[in-house]
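One-letter residues, chain by chain:
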Amino acid sequence: MDINLKNKETILEFFKELNHSDKDSLEEVLSHYLIKTSRVEISKPFSEYIGVRKYKEQFFEPLLYAFPDVEIQPYIVMSGASGDNNCVCVAGNFIGTFVNDWLTIPANQQPVTIRFHATFFLDNDKIIRSWYFLDILDVIRQSGYQLFPFKGLQQTAPNPMPGNGIITYPTDFKESEISYNLTNAMIAGLLEYDGKSIESMGQERFWDQKNMMWYGPGGIGTTRGLKGFQDNHQIPFLKAFPNRGVCEENESTNFVNIAEGNYTCHFGYPIMYGNHTGDGWLGLKASNKSFTIRVMDFWRREDNKLKENWVMIDMIDLLEQFNIDVFQLLKKEINDYKSRTDKND
């Protein structure tokens, strides 16, 4: 069997078994799919966990306690070679009923979607290393608290329009190459920004200008059309971070850049650096601090243009670098809400 297909099937089976596990069987499932010294890095407020037990105790057990019926629902699963590593990249959701508080976020007793992106490195059918991005800001929103003013639509990102994001079907190498080249040309265009005009990037060359969909993380949101993307995300972002650059592709940045059929994935932990010198992004004043950004993107190409883009940023890590504690902001919002409620009683 082709190694890429085999690895994707391993990850899909891993998710399937996790969906049928409980606190008593969880360690057995994790031990079956991960090597003993596996490294798992999860976006803030989580950390890096080495070995199955830490991964189970620090991430999965609290998740199961908060969302007892949690289910993993992937909608993009693709694979390829990243340097010397064979990787599988996934976009999807954890979905469950929010029964008990999680990360100090108040449980709302309702179904909640935890959007995630993940990258897995595999060897001999075992996961040797993995990274997860979790959209914590959007969970806070679903729980009823808005911490930042947003310009894009706040919603759970949808599945790919054609419904073919789980690539267990044959793909044409030439089509993969077209997708790869288009996405990387688009990224190169982003770096042509002259610091003055957004037109200097020439992004109309790469996108379905009228119909493109950009699915950003909580705090930024979803936009439609190239103009919508520029107005609601790109212009505020460039104003805040005008000198941003892309990290060198090496082991320290944990870089992935793959294509499969009409889909591409770009991942770096971190992938970008710069200085926060402009006002307005997320309603923030410039902190004048340097930063790095962890990002994982998926794109879908339609004909010769990019049509959909799923974007995950480790927002909590980025905000921490500006001395902004998301959980302190949440605590204040909770206390303010309680104070207003008490006054009305």
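Structure first, text after, so check above.
(A) Geometry of unusual backbone geometry. The amide bond that connects Lys44 to the next residue, Pro45, takes the cis arrangement and shows omega of 10 degrees. Of note, Pro45 is situated in the loop between β1 (34–42) and β2 (48–50). The residue after Tyr269, namely Pro270, is reached through a cis peptide bond having omega 15 degrees. Along the chain, Pro270 falls in strand β11 (residues 263–275). In this structure, Asn288 is a non-glycine residue whose phi angle is positive, near 60 degrees. Turning to its location among the elements, Asn288 is positioned in the loop between β11 and β12 (290–302).

(B) Inspection of the sheet that holds strand β4 (residues 85–97) at higher detail. Read from one edge to the other, the open sheet built from 6 strands follows the order β2-β1-β6-β5-β4-β3, with strand pairing classed as mixed. A strand with exactly one partner marks an edge of an open sheet, and here the two such strands are β2 and β3 (71–82). Adjacent strand axes in the sheet meet at a mean angle of 15 degrees when their direction is disregarded. In this structure, β4 lies alongside strand β5 (residues 111–123), joined through 12 bridges in antiparallel fashion. Note that in β5 the partner of Phe94 across the bridge is Ile114. Running at roughly 100 degrees to β1, helix α2 (residues 26–33) makes contact with β1 and β6 (126–134) of the sheet. The strands touched by helix α3 (residues 52–66) are β1, β2, β4, β5 and β6; relative to β1, the strand with the most contacts, the crossing angle is about 55 degrees.

(C) Structural context of the packing of α2 against α3. Axis separation between α2 and α3 bottoms out at 10 Å; the angle between their running directions is 130 degrees. By the angle between their axes, α2 is oblique relative to α3. Crossing of α2 against α3: the hand is right-handed. Judged by residue contacts, Leu26, Glu27, Leu30 and Ser31 of α2 engage Val52, Arg53, Tyr55, Lys56, Phe60, Glu61 and Leu64 from α3.

Cut-offs and rules
Residues numbered from 1 in each chain as written. Predicted model: local features only at pLDDT ≥ 70, side-chain atom pairs only at ≥ 80, totals over all residues. Heavy atoms only, no water. Helix = DSSP H or I, 4+ residues; strand = E, 2+ residues; numbered from the N terminus. Pairing = 2+ DSSP bridges. Axes fitted to C-alpha atoms, helices over the stretch in contact; angles between N-to-C directions. Contact = heavy atoms within 4.5 Å. Parallel < 35°, antiparallel > 145°, perpendicular 65-115°, else oblique. Left-handed = near helix turned anticlockwise from the far one by under 90°.

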